[in-house]
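Fold and contact review
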Amino acid sequence: MADETRATLLALGAVLLWSTVASAFKLSLEYMAPIQLLAWATLVSLVTLGVLMVASGQLPDLLQSARADWGRSVLLGVCNPFLYYVVLFEAYDRLPAQEAQPLNYTWAFTLALLSIPLLRQRLQRWDVIGGLIAYAGVWVIATRGDVFGMDFANPVGVMLALGSTVLWALYWIGSARDRRPPLVALFSNFAVAAPVVVVACWLTTGMALDQWQGLWGAAYVGVFEMGLAFALWLGAMRLTRSVARIGNLIFLSPFLSLVFIRILVGEAIMLSTLAGLTLIVTGLVLQQTLRRPSVAAG
């Protein structure tokens with residue numbers, strides 16, 4: 001099989017898995033508190049990432065970098081998975097999945113804004129145009145179509161969903177200067193964060209569950225959202241000669257996600273969600289395809 005065909009199949013596999021996780025989040029949170037979902041999913045993910053790392057022969061890289069990069073792992077691990085997923089799961093606990101998912105998808109614009117002070121990059125014209133279009137979509141979703149009413153259905157949930165984009169963007173910026181192999185870095189970050197997450201869960205809700213069904217969702221999130229999907233995407237990026245072409249496949253994910261939310265969660269998809277998501281993805285496409293590569297100022 002040609003490398004480009006394999007890269008496309010791997011990327012589509014990752015997109016398909018990512019398209020299901022909003023439903024998995026929402027269904028799992030019916031049986032578990034957000035911190036419990038994070039604790040159990042993190043433990044499962046740590047095992048999954050460890051197996052992937054051993055299978056790919058990267059264990060020596062982990063042992064070599066563990067001592068030198070432990071400080072970076074602490075900072076990044078506290079950001080993701082701990083803070084990022086705590087905030088994200090709290091948003092999903094308050095909002096319909098069809099609203100939380102597209103709001104979280106605006107992280108690329110948050111990244112562009114944070115890159116100005118943190119990476120000394122300049123905001124470009126298409127960052128502004130794409131951002132205005134996308135955040136118009138956020139407004140449509142947050143107000144459920146009543147764009148002039150200033151009546152937010154769940155303002156705390158909306159702020160949490162948007163707050164998760166700040167944490168993810170900070171994690172991405174911190175990871176941009178990480179020279180470790182991506183899988184090694186991710187495993188190290190999760191290994192450092194896992195005890196923090198478990199202790200936080202133990203001190204708040206406790207690890208014990210009243211209903212065991214939530215464990216299936218946590219296992220799914222840990223294996224696929226935090227583990228296998230990442231490995232598939234990384235494999236696609238390494239095989240392809242056109243990162244831009246493969247990268248554009250990610251725009252399928254939020255629309256596929258609505259299909260799974262409708263089928264698996266049973267949410268009736270609102271017209272405001274479709275309209276808002278279309279604006280968000282349009283803004284992302286414009287930003288990603290028309291902006292010039294950024295150059296740090298100074």
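Our structure's up above, just so we're on the same page.
The model shown is predicted, which means the values in this text are computed figures rather than measured ones.

**What about the overall build of the chain?**
Secondary structure summary: the chain contains 13 helices and zero strands in total. For the chain, the α and β elements follow one another from N to C terminus as α-α-α-α-α-α-α-α-α-α-α-α-α. For a compact globule of 298 residues, the expected C-alpha radius of gyration is about 19 Å, and the chain comes in at 19 Å, within 12% of that figure. Out of the 298 residues belonging to the chain, those deemed buried represent 45%. Put simply, 86% of the contacts in the chain that link residues at least 6 apart link residues at least 24 apart. Taken as a whole, the chain presents about 14300 Å² of accessible surface, with 68% of it coming from carbon and sulfur. Measuring between centres, the 18 positive side-chain charges of the chain sit 13 Å from its 15 negative side-chain charges.

**Some remarks on the packing of helix α4 (residues 70-94) against helix α9 (residues 182-204)**
Interaxial distance between α4 and α9 falls to 7 Å at its minimum, and their mutual angle equals 60°. Taken together, the axes of α4 and α9 lie oblique to each other. In the crossing of α4 with α9, the sense of the turn from one axis to the other is right-handed. Across the interface between the two elements, Arg72, Ser73, Val74, Leu76, Gly77, Asn80, Pro81 and Phe82 of α4 pack against Ser188, Asn189, Phe190, Val192, Ala193, Val196, Val197 and Ala200 of α9. Split by residue class, the contact of α4 with α9 holds ten nonpolar, five polar and one charged.

**Considering the packing of aromatic side chains**
All chains considered together, the criterion is met by ten aromatic pairs. On the numbers, 5.4 Å between centres and 45° between planes, the contact of Tyr85 with Phe89 is tilted. Highlighted residues: Tyr85 and Phe89, both in helix α4, separated by four residues, approximately one helical turn. Given a relative accessible area of 5%, Tyr85 falls into the buried group. What makes Phe89 buried here is its relative accessible area of 0%. Taken together, the aromatic side chains of Phe25, Tyr84, Tyr85, Phe89, Tyr92, Trp107, Trp168 and Tyr171 make up a single cluster linked through ring pairs.

**Description of the packing of helix α6 (residues 107-119) against helix α8 (residues 155-176)**
Two elements in contact, α6 and α8, have axes whose closest approach is 9 Å; the angle formed by their N-to-C orientations is 55°. As far as their axial angle goes, α8 and α6 are oblique. Of the two elements, α6 crosses α8, and the hand of that crossing is right-handed. Listed contacts from α8 to Trp107, Thr110, Leu111, Leu114, Ser115, Leu118 and Leu119 of α6 are Thr165, Val166, Trp168, Ala169, Leu170, Trp172 and Ile173. Looking at the contact of α6 with α8 residue by residue, the class counts come to eleven nonpolar, three polar and no charged.

**Let's talk about α4**
With 25 residues, α4 extends 35 Å between its outermost C-alpha atoms, agreeing within 8% with the 36 Å of an ideal straight helix rising 1.5 Å per residue. In α4, a bend of some 35° at Gly77 exceeds every other bend along the element, and Pro81, a proline, comes one to four places later.

Rules of the game
Residues numbered from 1 in each chain as written. Predicted model: local features only at pLDDT ≥ 70, side-chain atom pairs only at ≥ 80, totals over all residues. Heavy atoms only, no water. Helix = DSSP H or I, 4+ residues; strand = E, 2+ residues; numbered from the N terminus. Rg over C-alpha atoms; globule rule 2.2 N^0.38 Å. Buried < 20%, exposed > 50% of the residue type's maximum accessible area, 1.4 Å probe, protein only. Contact = heavy atoms within 4.5 Å. Areas by Shrake-Rupley, 256 points an atom, 1.4 Å probe, with all protein chains shown as cover. Lys, Arg positive; Asp, Glu negative; His and termini not counted. Charge placed at Lys NZ, Arg CZ, Asp CG, Glu CD. Axes fitted to C-alpha atoms, helices over the stretch in contact; angles between N-to-C directions. Parallel < 35°, antiparallel > 145°, perpendicular 65-115°, else oblique. Left-handed = near helix turned anticlockwise from the far one by under 90°. Nonpolar A, V, L, I, M, F, W, Y, C, P; charged D, E, K, R; others polar. Phe/Tyr/Trp six-rings, centres within 6.5 Å; stacked < 30°, edge-to-face > 60°. Expected span 1.5 Å × (residues − 1). Bend = angle between axes of the 7 residues up to and from the residue.

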